[in-house]
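Now for the letters of each chain:
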Amino acid sequence: MRVELASEPISRNLDNLDWAGATPTTAVVLDGLTEGPATGCTHGTAWYVNQLGARLLAYANSDRALAACLAEAITAVSALHEDTCDLSHPGTPCTTVTMVRRRGRLTDYLVLADSPLVLDIGGTPEVVIDEAEKAVSARIGRPPNATPEQLKEFIAEQQKHRNVDGGYWVAQVHPEAGYHALRGTVDDVRGAVLASDGAALLVTDFGLWSWDQFLRTAYADGPQAVIDETRRAEASDPDRVRWPRAKVSDDATAIVCRWS
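All residue numbers refer to position in the chain's written sequence, counted from 1. Residues qualify for local features only when their pLDDT is at least 70, as the model is predicted, and side-chain atom pairs are given and counted only at 80 or more; totals for whole chains, interfaces and linings, by contrast, use all residues. Side-chain figures throughout are based on the complete set of non-hydrogen atoms in the structure, without hydrogens or water.

Caption draft 1: Here's a closer look at the overall build of the protein chain. The helix and strand inventory of the protein chain stands at 7 helices and 10 strands. Put simply, the radius of gyration uses C-alpha atoms, and a globule should come to 2.2 Å times the residue count raised to 0.38. Taken over C-alpha atoms, the radius of gyration comes to 17 Å for the protein chain, in line with the 18 Å a tight globule of 260 residues would show. On the principal axes, the C-alpha backbone points of the protein chain span a range of 50 × 45 × 35 Å. Only heavy atoms matter for contacts: two residues are in contact if any of them lie within 4.5 Å across the pair. The long-range fraction of contacts in the protein chain, counting pairs at least 24 apart against all pairs at least 6 apart in sequence, stands at 70%. Summed over its atoms, the accessible surface of the protein chain is roughly 11400 Å², and 50% of this surface lies on carbon and sulfur atoms. The sign given to each residue is positive for Lys and Arg and negative for Asp and Glu; His and the chain ends receive no count. Where a charge lies is defined by one atom per residue type, namely NZ (Lys), CZ (Arg), CG (Asp) and CD (Glu). Of the charged side chains in the protein chain, 24 are positive and 36 negative, and the gap between their average positions amounts to 4 Å. Helical segments are the DSSP runs of H or I of at least four residues, strand segments are the runs of E of at least two, and each set is numbered from the N terminus. For the area figures, the Shrake-Rupley method with a 1.4 Å probe applies, and any residue is considered shielded solely by the protein chains shown.

Have a look at this one:
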């Protein structure tokens, strides 16, 4: 498997809450969720995605299902800080998970929450994305251009719907989250693009690209080109008028995988 990877925080002065990694057979993208100032954890989201991502790559180097690998990784990371942090706090660090694993001619995939996976099946993009969080946010009324105080209040309300039936699931402290992910095994896959939601805005929120253009650009010019074009779009709308959104920019990460 040939892999190209790019990841960029909102600012050089801020931690990148995304994480990406790959082995010769597996690729993983994580997008740590933005939380309020109180989390109950002394380590933070950047630490959490680093710990979880490394374990996911290690555990996926086996014949276990990806859901089982994710469940085991969540349990292992929880054990690292359960004695020092309050894991019952609703703001405990958490993340989306997007994974692919190549097994001969077959490709396993897992998508938990809204970081999309674009599979190239016979030259046609097949998109896997879990939009449960978006449905919850619409239901509770996400403010389009939130002030910091409004965003804090929204996150507190959103946390009530996290990792519960009827809400949405992310990787946090509940190992069963792995079994709430979208997952499957497909044949005849030529390649894939894994992205955090901040690297997919040109399609999902801005409507400037189709998924076909997203895939073709990532193939031709690499993942950094996708991020660069996203940054240009974000910079063209600094007041969030054309595209109402919580933040002007977001961490952005993409992995391009190609195989014969």
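Still to come is the rest of the account.
Caption draft 2: Local environment of helix H2 (residues 66–81). By this rule, a helix spans an expected 1.5 Å times one less than how many residues it contains. Here H2 spans 23 Å end to end across 16 residues, near enough to the 22 Å set by a 1.5 Å rise per residue. Listing the buried residues of H2 in full gives Leu 66, Ala 67, Cys 69, Leu 70, Ala 71, Ala 73, Ile 74, Val 77, Ser 78 and His 81. If you follow the buried residues of H2, they end up packed against helix H1 (45–59), strand E4 (95–103), strand E5 (106–112) and strand E8 (182–187). Only protein chains enter the accessibility calculation, which uses a 1.4 Å probe. A residue is then buried if its area is under 20% of the maximum for its type, exposed if over 50%, and partly exposed in between.

Caption draft 3: Expanded view of the packing of H1 against H2. Between the N-to-C directions of two axes lies an angle of 0 to 180 degrees, each axis being a line fitted to C-alpha atoms and, for a helix, fitted only over the stretch in contact. In contact at an axis separation of 9 Å, H1 and H2 are set at 140° when each is read in the N-to-C sense. Between H1 and H2, the crossing angle belongs to the class labelled oblique. Considering only the axes of H1 and H2, their crossing is right-handed. Touching Trp 47, Tyr 48, Gln 51, Leu 52, Arg 55, Leu 56 and Tyr 59 of H1 are Cys 69, Leu 70, Glu 72, Ala 73, Ile 74, Ala 76, Val 77, Leu 80 and His 81, all from H2. Charged residues are taken to be Asp, Glu, Lys and Arg, nonpolar residues to be Ala, Val, Leu, Ile, Met, Phe, Trp, Tyr, Cys and Pro, and polar residues to be all remaining types, Gly included. Of the residues belonging to the contact of H1 with H2, the class tally is 12 nonpolar, 2 polar and 2 charged. Roughly parallel here means an angle under 35 degrees, roughly antiparallel means over 145, roughly perpendicular means 65 to 115, and every remaining angle is called oblique. Here is the rule for handedness: rotate from the far helix to the near one, and if that takes an anticlockwise turn smaller than a right angle the crossing is left-handed, while a clockwise turn gives right-handed.

Caption draft 4: Inspection of the pattern of salt bridges at higher detail. We count a salt bridge whenever a side-chain nitrogen from Lys or Arg sits within 4 Å of a carboxyl oxygen from Asp or Glu. Scanning all chains against the criterion turns up 13 salt bridges. A salt bridge links Lys 160 to Glu 157; its shortest N-O distance comes to 3.1 Å. Residue Lys 160 is classed as exposed on the basis of its relative accessible area, which comes to 58%. As a salt-bridge pair, Lys 247 and Asp 250 come within 3.2 Å of each other at their nearest N and O atoms. Judged by relative accessible area, Lys 247 falls into the partly exposed class, the value being 30%.

Caption draft 5: Highlighting helix H4 (residues 148–159). Look at H4: 16 Å from first C-alpha to last across 12 residues, which is about the 16 Å you get at 1.5 Å a residue. Taken as a whole, H4 has its buried residues at Leu 151, Phe 154, Ile 155, Gln 158 and Gln 159. Seen end-on, H4 carries its buried residues on one side only, within an arc spanning 135°. In this fold, the buried residues of H4 make contact with helix H3 (132–140). As used here, the arc is the angular range of directions from the helix axis to the C-beta atoms.

Caption draft 6: Structural context of the sheet that holds strand E10 (residues 252–258). Overall, antiparallel pairing links the 5 strands, which are arranged E1-E10-E9-E6-E7 in an open sheet. Taken across any chain shown, the strands that pair with only one partner, and hence form the sheet edges, are strand E1 (2–8) and strand E7 (124–128). In this sheet, adjacent strand axes meet at a mean angle of 15° when their direction is disregarded. Note on pairing: DSSP must find at least two bridges between two strands before they are called paired. Taken together, the 5 bridges between strand E6 (residues 117–121) and strand E9 (residues 189–195) define a ladder with antiparallel strand orientation.

Caption draft 7: Structural context of the sheet that holds E5. The antiparallel open sheet is built from 5 strands, whose spatial order is E2-E3-E4-E5-E8. This sheet does not close on itself; its edge strands, each paired only once, are strand E2 (18–22) and E8. Ignoring strand direction, the axes of neighbouring strands in this sheet form an average angle of 10°. Here 6 bridges tie E5 to E8, and the two strands are oriented antiparallel to one another. Of the residues in E8, the one forming a bridge with Asp 108 is Thr 185. With respect to the sheet, H1 is in contact with E2, strand E3 (26–32) and E4, its orientation differing from that of E3 by roughly 160°. Strands in contact with H2 are E4, E5 and E8; relative to E5, the strand with the most contacts, it is inclined by about 45°.

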